[in-house]
Amino acid sequence: MIPALLIWLFKKYLAPALRDKNISALTFINPLKKVATLLALLCFSSGLMAQEQMVKYNVLHSGKVVGRMDLYQKRTGDDLYLKMTSEVKMRFIMSIKVDIHEESLFQNGKLISSRVCRNVNGKEKANRQTKACGDCYQTLAEGKSGQLNQKHISQNLMLLYCQEPDDNAQVYSDNFQQFLQVKQVSPHVYRIDLPDGNYNYYSYTNGVCSKVDIHHSFYTIQIQLA
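Since this is a predicted model, take the numbers as computed values, not measurements.

Parameters and conventions
Residues numbered from 1 in each chain as written. Predicted model: local features only at pLDDT ≥ 70, side-chain atom pairs only at ≥ 80, totals over all residues. Heavy atoms only, no water. Salt bridge = Lys/Arg side-chain N within 4 Å of Asp/Glu carboxyl O. Helix = DSSP H or I, 4+ residues; strand = E, 2+ residues; numbered from the N terminus. Buried < 20%, exposed > 50% of the residue type's maximum accessible area, 1.4 Å probe, protein only. 1 Å grid on protein atoms, 1.4 Å probe; cavity = no way out; pocket = protein on both sides within 12 Å on 5 of 7 lines; lining within 4 Å. Points joined across faces, edges and corners; volume = space filled by probe spheres on them. Nonpolar A, V, L, I, M, F, W, Y, C, P; charged D, E, K, R; others polar. pLDDT = per-residue confidence, 0-100. Contact = heavy atoms within 4.5 Å. Lys, Arg positive; Asp, Glu negative; His and termini not counted. Polar contact = N/O pair within 3.5 Å; in protein donor to acceptor, adjacent residues only side chain to side chain.

S.K.: I would appreciate a short explanation of the pattern of salt bridges in the present structure.
M.R.: In a structure, side chains of opposite charge can pair up when their charged atoms sit close to one another. Scanning the entire structure with this criterion turns up 7 salt bridges. A salt bridge links Asp 70 to Lys 56; the shortest N-O distance between them is 3.5 Å. With Asp 70 in strand E2 (residues 64-76) and Lys 56 in strand E1 (residues 52-61), this pair connects stretches of sequence that are 14 residues apart. Since its relative accessible area comes to 45%, Lys 56 is described here as partly exposed. Measuring nitrogen to oxygen at the nearest pair gives 3.1 Å for the salt bridge that ties Arg 68 to Asp 70. Residues joined in a network through salt bridges with shared partners are Lys 56, Arg 68 and Asp 70.

S.K.: Where do I start with the layout of surface pockets in this structure?
M.R.: The method is simple in principle: a probe with the dimensions of a water molecule rolls over the atoms, and the space it marks as empty is what remains. Here the largest pocket is characterised by a volume of approximately 1100 Å³. Together, 35 residues line the largest pocket, and Ile 100, Arg 118, Asn 175, Ile 214 and Tyr 219 are the ones closest to its centre. At the level of elements, strand E3 (79-91), strand E4 (95-107), strand E5 (110-120), strand E12 (199-205), strand E13 (208-215) and strand E14 (220-225) are the ones that each hand at least two residues to the lining of the largest pocket. Looking at the lining of the largest pocket, its residues break down into 23 nonpolar, 7 polar and 5 charged.

S.K.: Would you take a moment to explain the confidence of the model for the chain for this structure?
M.R.: The predicted coordinates ought not to be read in detail in places where the model reports low pLDDT. The share of residues in the chain with pLDDT of 70 or more is 78%, and the mean pLDDT across the chain is 86. Here residues 1-7 is a poorly scored stretch, pLDDT under 50, and it has 3 contacts once near neighbours within four places are set aside; other chains count.

S.K.: Which parts of the structure should I look at to understand the side chain of Asp 174?
M.R.: Tracing the backbone shows Asp 174 in the loop between strand E9 (170-173) and strand E10 (178-186). Buried Asp 174, no salt bridge; nearest opposite-charge side chain is Arg 128, N-O distance 11 Å. A polar side-chain atom of Asp 174 sits 2.7 Å from a polar atom in the side chain of Ser 114. One polar contact links Asp 174 to Asn 156, side chain to side chain, over a distance of 2.9 Å. Beyond its immediate sequence surroundings of up to four residues, Asp 174 is in contact with Ser 104, Leu 111, Ser 114, Val 116, Arg 128, Asn 156 and Leu 157.

S.K.: Help me out: how do you make sense of unusual backbone geometry in this one?
M.R.: Leaving glycine aside, a negative phi is the common case for residues, and trans is the common case for peptide bonds. Of note in this structure, Ser 62 is not a glycine but carries a positive phi near 55°. Among the residues examined, Ser 62 registers a relative accessible area of 67% and is labelled exposed. Even without being a glycine, Asn 168 presents a positive backbone phi close to 65°. Mapped onto the secondary structure, Asn 168 falls in the loop between strand E8 (144-148) and E9.

Pasting the structure below:
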């Protein structure tokens, strides 16, 4: 796209000036200024577009799509903002609708704040927050406050959707408000055991999380790139 635009700009502004036998410095500089301004605006616009990204996933149960999940990323300098929203409708003995909203803010590679809200059939079941505060983190879970004696959290579960982790890495769970260990089980596939006895598998393609297998005691669901 950019090479084609350069050719168009040359034909529109520079070529007429060069064809003029009585070229002056001013007539040559003015087209250059226009070209430089347009290129600067183009690069600036491209930079803004590259800072924001939306990734969409399907949620499947027994091979059937039962929901969706959207992951929004915004980078501004050294800041990274993540927002994840999901909606799942499943039926066991009764119909269950689960809505989850998560947010995380990183600055210079450090988690500054995060929040997890989960509603089941319209009723709030979880509202948990983590916030950096000096040399520790303050936590809040359904109105109960706590503290993590940790100075720096560099990776949480949300970030696993954006980048492939290292084997034996420690990642922070904003839901359980504790650290979990990553175990590589095969090339680009990692397992995380959860405190409640359940476990997840994260699979990556070209450095991007392409699938998550969630193994619960009552069900198994997959989150796959749409």
